[in-house]
Amino acid sequence: MGGRRCAGSSPPMFSSRGFRALVSRLDDVGKNRATACVQKLQELNNAVMVSTLTGPLTKGQLSSFQAVVFTDICLEKAIEYDDYCHNHQPPISFIKTEVRGLFGSVFCDFGPEFTVVDVDGEEPHTGIIASISNDNPALVSCVDDERLEFQDGDLVVFSEVHGMTEINDGKPRKIKNARPYSFTLEEDTTHFGAYEKGGIVTQVKPPKVLQFKPLRDAIRDPGEFLLSDFSKFDRPPLLHLAFQALDKFRLDLGRFPIAGSEDDVQKLIHFAVSINESMGDGKIEEIDKKLLHHFANGSRAILNPMAAVFGGIVGQEIVKACSGKFHPLFQFFYFDSVESLPTEPLEPSDLKPLSSRYDAQISVFGYKLQKKLEDAKIFMVGSGALGCEFLKNLALMGVCCSPSGKLTVTDDDVIEKSNLSRQFLFRDWNIGQAKSTVAASAAMSINPKLHVEALQNRASPDTENVFDDAFWENLDAVINALDNVTARMYIDSRCLYFQKPLLESGTLGAKCNTQMVIPHLTENYGASRDPPEKQAPMCTVHSFPHNIDHCLTWARSEFEGLLEKTPSEVNTFLSNPSAYTSGMRNAGDAQARDLLERVLECLERDICETFQDCITWARLRFEDYFSNRVKQLTFTFPEDSATNTGAPFWSAPKRFPRPLQFTSSDPSHLQFVMAASILRAETFGIPIPDWAKNPKKLADAVDHVLVPDFQPKQGVKIVTDEKATNLSSASIDDSAVINDLIEKLEECAKKLPPGFRMNPIQFEKDDDTNYHMDFIAGLANMRARNYNIPEVDKLKAKFIAGRIIPAIATSTAMATGLVCLELYKVLAGGHKVEDYRNTFANLALPLFSMAEPVPPKIIKHRDMSWTVWDRWVVEGDLTLRELLEWLKEKGLNAYSISCGTSLLYNSMFPRHKDRMDKKVVDLAKEVAKVEVPPYRRHLDVVVACEDDEDNDIDIPLVSIYFR
C-alpha cells in the first residue's frame, strides 16, 4: 500500500493490518484488508495516492519504496526482507511492529548510514548578547530578557556583533559552562577587537549520522533498549525474548496460544527458556513466568488502544524515514500495559469467545469487564483532534455500546479546513458543520451499537443547567479532549466536586502527555500548574521589537484594530449616536478618548468612497507605519541617547530602527499596499476592480498618491516602561478632549449617506485567498526591516500570528491510546495508585516517560484525615448556630463562613451574631443573593477554621443538604 511521494524519493509501503481500526465496518467483513482500506484512506486526503498490492509480496517489489512497514510477519521472513532493504542502494527504511494483547514492539532499520538533519525539530535557540570578553576561553554574557536554552557542547554562530567583528564569520563555535544568561566559548578571543555592542548568538544543529544494524544481527545483539517505564527497567530483555518465543510457537504449531490454555502457556515458556539458553552473554538470569503467562493468553488479540499507541509511534518513524527530521527509534522498543488487567484473577471460562466483535478484547480482560465497558456512562468534553481519536477508540472497544451505556460528547466548535490534517472523522464536505454531531455520527458508523448523544454546549458555569447534578452523579468517568487550560480547570473542579475519575491528555506537536485523576488516589489536575507563558511588554511590541514574534503580535493587533474593532465601533456609534456619545462622556477616561479618536479618524480623514481612496489609504499607512513613526521614534530617542543612569538607551535588547523608503518596484511594498487596499475596500463595501491584482497597474495607481513630508513633533511621549500594560495615558483634560471629539464626530456623521454602515472583518487564517495573512505578513515583515530583524514567509507568519498550536496525528493517536489503556483500569475498579500511569512522550527524540500519579495531600486533625477529594455532607436545614456546633464537635472553631464571594459569618463582626438562628440557606439567599436552582437540593459553603490551639485547619467544602 503506497503513500504520497516525497520529493525525489519513493513512497512508503505498509502492510494492511495497521489500518483496520481506522476503517473497520461490519460490511467490510470477508473483504481483502487492503482493498477495504483504499476508499476510506483516500477520503482522508485526495492529494495522497493510495494503491494496493494484494498478491504475494516479493523482495523486488520493495525496490520502488523509500520505507516499508510490516505489521504481521514471521521473524524469518522479516529478516529476509530487512536484509534486502538494508543492502539496497539506496537503503530502504525497514520498520517491523506488532501488537499482542497488552504487549507491543517496534524495530527500525534505516540502513548502514542514515542522516538525521534535525534531531529534535525544535527551533534553534537564540540569545541577545550583552558582552563578550577578550579571553581564552571567552565569556559571553546575554541580556536577562529570557533564559538561555543552550547546553554544554552546543554549536553556535554569531551575527551583528559590533567591535569584535571577527566573531561574525559564520563559523560554528562550541560552548561550555552554559548558564541561564552566559556561557564560555572554546575560543581564544584575546586578539579579537574589543566588543562594543549588539549581537545575536544562534544555535547550530549539525546533522547526525546513525548506523543501523540489520535485524539478523540486532535480534542477537539488540544493544540498549529504549525504556518507557523506569519501574520496568528489566522488562525489555524479557519481552525481546517473549516475542521470539511467540514467533517460534506460531512456526511450530501454526497458530497462536489459546487464551486460558495452560498447556499453551507452558509451551511458550518452554520456547522462551530454550531461546534464552542460546543467547550467550545476552542470556536473562531469571525469566518471569507470570508475565509470559499474560503474554501467551493475550497474544491472539490486537487491542485498539495498543494499536493506537503503536500506530502513533510507527507513523512518526515513517515521517522520520522519509524526511530525516527527528531522531529515529534506535532500534528496538518494547512496551506493555499489564497493569491494565483486572485486579481479580481471570478464570479460563472468563476468556472464552462469545462470537462477538469484542472476542479479542474478552480474551485479554474477560467478559465481565467487557460488560462494564458496554454499560459505562462517559462524558467526553471536546470532539476535535483528541476527541475524534477517542470516539474511534471507544466505538471499537465497545464502550457505551449497550442500551444501559451512554456516551455524552459536547463541543461548541465547528469544523474548519485546517482541522482535516488530524481530525480524521471529518471530511471536506463537513466544513462548517458542528464537530460533535459529525464526529458522533462517524463513530456510530464504526460501531452502530454506540449509544452517543452529541451536544454543542460549552461545558462551563453557564451551562450547569444542562450538565446538572443528576448528570454528573450518573457518570462513571470523564474524558477531556480539550485545547485550553481554563476549560480543563473547570472540568477538573467538577470532577473533584462529584468525585468522578478524569482522564486528561494533551498534545503539542510531537509531544504528548496524559494524566490520570482518580478520586482519593491521585492529586487533581489543578493541584499543579504550568508557569504562564511569558508575554512581551507592550512597549517592546509597539516601539522596541527585537524578534519576529513581536512584529507579528503587533501586526495581528493592528489588523484587528483597523479592520474589525474600529468598523464595529463605527457601527455602534451610527446605530445609536446619542446613547454612544453619552456613554463616552460618562466614561471620561483615556480608553473612551482613544475609541472616539479612532472612530473620528475612520469617518473623517480615512473615509473611502472609491478603490483609489483605498489605495491612497494603504500607501499613507505604509508611510505612517514604516517611515514616519520610525522617524519620530529616532527623533525622540536619537542613536546616541542615554538613560537616566547614563547607559546607552539603544542597548540590547533594543534595536535601533531605520525608516523605509517606499518604492512600487519592491514586490513586498506593493504586495502590502494591494492587501491593505483590498481589505479596506471590503470594510467600506467598495467593489474591487480586476486591475487591483495587476502589479503594473497597481504600481501606477500607487505612484500617483501624494505623500506629505514628515515633520517631527516635539514633546511626544513614547512609553518605555516594560511593566506598562496600556499605551494610553490618562489626562486631566480627557473630558474636554472627549467633548471636542464628540462634536466633531456628530458633524462628520451628518455628511454620511443614509444607512451608512461599515463591514468589520474578522481574522480568518485558513483562507489563502482573503488577503488577511498577506496583510499581516506584510505588516510584520516591513516592521522587521525597520529593525533589521529576519523576515518570515507567509506560512511561518500564519503559524505565529494565527496562534496555531502545533498538532499532528501521530502524538494524538498515541496519547488517546494510552488514556484508553487507563480507562480499562478505571471502569474495572479496584486498582491501586501504583497501577495507574501518567505519561510524557516526545516522538521526535524519541522519549517515553511513564510514572505513577502523585497521591493527594493528606490533612489530619484528631482522628480524622481528608484530602482535596473529600466533601463534608451535613443532612438537614441547619441554622448558622447548628452548623457551628456541628463543627465544634469535630474540634474545629469556625471563624468565617462564606458562600460564593459573600461572607455569611465572621466572628469578628458583632452584627453577625444576630444571624446565629437563621437558616444557612436563607442567609445565602439574603446575603449572597444565591438562587438555588430546582435541580439542586444542597448548598455549599467554605468554612475557615482553627483548632483549640488557634492553628488554621484547611477543611473540605461543606455541603448542607436541606431538601
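Here is a short report on the structure shown in this document. Please read these numbers as outputs of a predicted model, since none were measured by experiment.

So, on to the overall build of the protein. If you tally the helices and strands in the protein, you get 27 helices and 29 strands. At 33 Å, the protein has a C-alpha radius of gyration in line with the 30 Å of a compact globule built from 963 residues. Going through the 963 residues of the protein one by one, you find that 52% of them count as buried. Taking the contacts inside the protein whose residues are at least 6 apart along the sequence as the reference set, 72% of them involve residues at least 24 apart.

Taken together, the side chains of Phe-840, Leu-845 and Leu-847 define a hydrophobic patch exposed on the protein surface, amounting to about 220 Å² of accessible area. Looking at the element boundaries, Leu-845 is found in the loop between strand 20 (838–842) and strand 21 (847–851). Judged by relative accessible area, which is 35%, Leu-845 ranks as partly exposed.

Pairing in this closed barrel of six strands is antiparallel, and the strands run 6-7-10-9-8-11 around the ring. Across this sheet, the average inter-strand angle for adjacent strands is 50°, counted without regard to direction. As defined by bridge partners, strand 6 (residues 126–132) adjoins strand 7 (residues 138–142) across three bridges and the pair is classed as antiparallel. Looking at the pairing, Ile-132 lines up with Val-140 of strand 7.

Let us look at helix 24 (residues 794–801). Of all the residues in helix 24, the buried ones are Ala-797, Lys-798, Ile-800 and Ala-801. Following helix 24 by one or two positions, Arg-803 has its phi on the positive side, about 50°.

Let us now look at the pattern of salt bridges. For the structure shown, the criterion picks out 58 salt bridges. Across the pair Arg-621 and Asp-624 runs a salt bridge whose closest N-O atoms are separated by 3.9 Å. With Arg-621 and Asp-624 both in helix 19 (residues 611–636), this residue pair falls three residues apart, about one helical turn. Classification of Arg-621 by relative accessible area gives buried; the value is 8%. What emerges from the salt-bridge pattern is a single network uniting Asp-229, Lys-232, Arg-235, Asp-336, Glu-339 and Arg-837.

Here we come to the pairing of strand 2 (residues 67–70). What you see with strand 2 is no split at all: Ala-67 and Val-69 on one side and Val-68 and Phe-70 on the other are buried throughout. Where strand 2 lies against strand 3 (residues 93–100), four bridges are found, and the strand directions are parallel. Note on strand 3: the bridge partner recorded for Ala-67 is Ser-93. As a crossover connection, the stretch from strand 2 through helix 3 (residues 75–87) into strand 3 is right-handed.

Our next topic: the sheet that holds strand 14 (residues 377–381). Pairing within the open sheet is mixed, and its eight strands lie in the order 16-15-14-17-18-19-20-21. Of all the strands in the sheet, just strand 16 (452–455) and strand 21 have a single pairing partner and so form its edges. Across this sheet, the average inter-strand angle for adjacent strands is 10°, counted without regard to direction. Sheet topology note: the strand 20/strand 21 ladder contains five bridges and is antiparallel. Paired with Asn-838 across the bridge in strand 21 is Ala-851. Here helix 11 (residues 385–397) sits on the sheet in contact with strand 14, strand 15 (406–410), strand 17 (477–480) and strand 18 (502–508), set at roughly 130° to strand 18. Helix 12 (residues 435–446) contacts strand 15 and strand 16 of the sheet and is inclined by roughly 165° relative to strand 16.

Let us now look at the pairing of strand 8 (residues 155–159). Burial of the side chains of strand 8 is restricted to one face: Val-156 and Phe-158 are buried, whereas none of Leu-155, Val-157 and Ser-159 on the reverse face is. Relative to strand 9 (residues 173–176), strand 8 runs antiparallel, the two being bridged by two bridges. Its bridge partner lying in strand 9, Leu-155 is registered against Lys-174. Relative to strand 11 (residues 200–204), strand 8 is paired through five bridges, and the arrangement is antiparallel. By the bridge assignment for strand 11, Val-156 is matched with Gln-203.

Glancing now at unusual backbone geometry. Note that the residue after Gln-89, namely Pro-90, is joined by a cis bond; omega there is -5°. For Pro-90, the position within the fold is in the loop between helix 3 and strand 3. Here Ala-652 and Pro-653 are connected by a cis peptide whose omega angle stands at 10°. Relative to the helices and strands, Pro-653 is located in the loop between helix 19 and helix 20 (667–684). For Asn-177, which is not a glycine, the phi torsion comes out positive at approximately 50°. For Asn-177, the location among the structural elements is in the loop between strand 9 and strand 10 (182–185).

Structurally, the position occupied by Arg-619 is in helix 19. Sequence-distant contacts of Arg-619, defined by excluding residues within four places in its chain, comprise Phe-662, Val-702, Val-705 and Val-707.

If a probe as big as a water molecule is rolled over the atoms, it shows which places are left empty. Per the counting criterion, the structure on display carries six cavities of 30 Å³ or more. Of the volumes computed, that of the largest cavity is approximately 150 Å³. Lining the largest cavity are 16 residues, with Leu-75, Lys-96, Glu-98, Ile-219 and Tyr-334 sitting closest to its centre. Mapped onto the lining of the largest cavity, the elements with two or more residues apiece are strand 3, strand 4 (103–109), helix 5 (235–253) and strand 13 (332–336). With four residues, helix 5 is the single largest residue contributor to the lining of the largest cavity. Split by residue class, the lining of the largest cavity holds 10 nonpolar, three polar and three charged. Each pocket or cavity is described by its volume, and for the second largest cavity that value is around 80 Å³.

What counts and how
- Residues numbered from 1 in each chain as written.
- Predicted model: local features only at pLDDT ≥ 70, side-chain atom pairs only at ≥ 80, totals over all residues.
- Heavy atoms only, no water.
- Helix = DSSP H or I, 4+ residues; strand = E, 2+ residues; numbered from the N terminus.
- Rg over C-alpha atoms; globule rule 2.2 N^0.38 Å.
- Buried < 20%, exposed > 50% of the residue type's maximum accessible area, 1.4 Å probe, protein only.
- Contact = heavy atoms within 4.5 Å.
- Patch = residues over 30% accessible without salt bridge, like charges linked within 9 Å, V, L, I, M, F, W, Y side chains within 5 Å.
- Areas by Shrake-Rupley, 256 points an atom, 1.4 Å probe, with all protein chains shown as cover.
- Salt bridge = Lys/Arg side-chain N within 4 Å of Asp/Glu carboxyl O.
- Pairing = 2+ DSSP bridges.
- Axes fitted to C-alpha atoms, helices over the stretch in contact; angles between N-to-C directions.
- Right-handed = clockwise from strand over helix to strand, strands pointing away.
- 1 Å grid on protein atoms, 1.4 Å probe; cavity = no way out; pocket = protein on both sides within 12 Å on 5 of 7 lines; lining within 4 Å.
- Points joined across faces, edges and corners; volume = space filled by probe spheres on them.
- Nonpolar A, V, L, I, M, F, W, Y, C, P; charged D, E, K, R; others polar.

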